[in-house]
Amino acid sequence: METDKKTFDFAQFRLIRERSVGRLFWRLKRFTGGYIEPRLHALGFTDFKMSYLMFLSNIEENGITNNELAKRACVTKQMMSKIVGLLEDEGYIYTQKNPADSRSSIIFLNERGKALFVALENCMNEARAKFDAIVGHERMEQVIDTMAELVTKLENEEQ
């Protein structure tokens with residue numbers, strides 16, 4: 001069996017790498033975390049990690065069950081239970097027994113968790129101002145609109 005013996009071309013590889021969607025998303029996420037996390041630490045949230053956001057940002061005003069939060073955060077129920085314990089120990093959330101099902105609890109943001117989101121909004125606004133200064137407000141709006149549309153449609157396909 002004969003295979004195509006194409007030689008590896010570093011110049012071509014660099015061109016592809018610089019426009020790789022996954023790599024660009026990863027680099028932007030890394031920049032955003034590196035920009036925001038130290039600012040939150042300076043505001044007193046010294047134990048906060050950006051990875052907590054995928055959990056905390058899914059907690060609703062009337063609370064959420066561990067199972068629903070695990071589903072939204074795309075982690076196992078066991079992992080979610082571990083994270084809930086950590087976030088509760090660090091004072092971002094609290095739990096109450098579920099009145100509809102005594103085998104489960106409802107997870108809520110506590111005052112520190114709410115204060116985190118107020119501080120986070122200010123930090124995100126600073127990051128957004130930096131992005132706007134680089135590419136302009138309208139282009140940044142287009143980027144956000146495009147990403148929101150992609151996420152919405154791709155998530156709907158999964159269901």
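Below is a short write-up of the structure. Quick caveat: nothing in here was measured; it's all calculated off a predicted structure.

The strands making up a sheet associate through hydrogen bonds between their backbones, and the pairing can be parallel or antiparallel. Judged by pairing direction, the sheet is antiparallel, and its three strands sit side by side in the order S1-S3-S2 without closing on themselves. At either margin of the open sheet sits one strand with a lone partner, and together these are strand S1 (64-65) and strand S2 (93-98). Relative to strand S3 (residues 101-109), S2 runs antiparallel, the two sharing six bridges. Across the sheet, Thr-95 pairs through a bridge with Ile-107, a residue of S3.

Formed by 27 residues in total, the largest nonpolar core has its most connected members in Leu-40, Phe-48, Leu-56, Ile-59, Leu-87, Tyr-92 and Ile-93. For this core, the secondary structure elements donating two or more residues are helix H2 (21-42), helix H3 (53-56), helix H4 (66-73), helix H5 (77-89), S3 and helix H6 (111-135). Setting aside anything within four residues of it in sequence, one finds Ile-93 in contact with Leu-56, Ile-59, Val-84, Leu-87, Glu-88, Ile-107, Phe-108, Leu-109 and Asn-110.

Look at H2 against H6: their axes get within 10 Å of each other, and the N-to-C directions meet at 130°. Judged on the interaxial angle alone, H6 and H2 are oblique. Once H2 is placed against H6, the crossing between them reads as right-handed. Counting all contacts with H2, which are made through Leu-28, Phe-31, Thr-32, Tyr-35, Ile-36, Arg-39 and Leu-40, the residues of H6 involved are Leu-116, Ala-119, Leu-120, Cys-123, Met-124, Glu-126, Ala-127, Lys-130 and Phe-131. Of the residues that constitute the contact of H2 with H6, the class distribution is twelve nonpolar, one polar and three charged.

Now for the packing of aromatic side chains. Here the structure, examined in full by the defined rule, presents ten aromatic pairs. Aromatic pair Phe-48 and Tyr-92: ring centres 6.3 Å apart, planes at 70°, arrangement edge-to-face. Of this pair, Phe-48 sits in the loop between H2 and H3 while Tyr-92 sits in the loop between H5 and S2, and the two are 44 residues apart along the sequence. Neither Phe-48 nor Tyr-92 differs from the other in exposure class; each is buried. Ring centres of Tyr-94 and Phe-108 lie 5.1 Å apart, and the angle between their planes is 15°; this geometry places the pair in the stacked category. You can see Tyr-94 sitting in strand S2 and its partner Phe-108 sitting in strand S3, a full 14 residues away along the chain. Classification of Tyr-94 as partly exposed rests on a relative accessible area of 35%.

A separate point is the pattern of salt bridges. Tallying each qualifying case throughout the model produces 13 salt bridges. A salt bridge links Glu-68 to Lys-71, with the nearest nitrogen and oxygen atoms 4.0 Å apart. One end of the pair is Glu-68 and the other is Lys-71, both in helix H4 and three residues apart, which spans about a single turn. The class for Lys-71 is exposed, based on a relative accessible area of 61%. When salt bridges that share partners are traced, they join Arg-17, Glu-18, Arg-23 and Arg-27 into one network.

Attention now goes to the packing of H6 against helix H7 (residues 137-158). Across the interface, H6 lies against H7 with an axial gap of 7 Å and an inter-helix angle of 115°. As judged from the angle between their axes, H6 and H7 are roughly perpendicular. Remark: the crossing between H6 and H7 carries right-handed chirality. Of the residues in H7, those touching H6 at Arg-128, Phe-131, Asp-132 and Val-135 are His-137, Arg-139, Met-140, Glu-141 and Ile-144.

Basis of the calculations
Residues numbered from 1 in each chain as written. Predicted model: local features only at pLDDT ≥ 70, side-chain atom pairs only at ≥ 80, totals over all residues. Heavy atoms only, no water. Pairing = 2+ DSSP bridges. Helix = DSSP H or I, 4+ residues; strand = E, 2+ residues; numbered from the N terminus. Core = buried A, V, L, I, M, F, W, Y, C linked by side-chain atoms within 4.5 Å. Buried < 20%, exposed > 50% of the residue type's maximum accessible area, 1.4 Å probe, protein only. Contact = heavy atoms within 4.5 Å. Axes fitted to C-alpha atoms, helices over the stretch in contact; angles between N-to-C directions. Parallel < 35°, antiparallel > 145°, perpendicular 65-115°, else oblique. Left-handed = near helix turned anticlockwise from the far one by under 90°. Nonpolar A, V, L, I, M, F, W, Y, C, P; charged D, E, K, R; others polar. Phe/Tyr/Trp six-rings, centres within 6.5 Å; stacked < 30°, edge-to-face > 60°. Salt bridge = Lys/Arg side-chain N within 4 Å of Asp/Glu carboxyl O.

In short, the description is geometric, and any link to function would need to be established separately.
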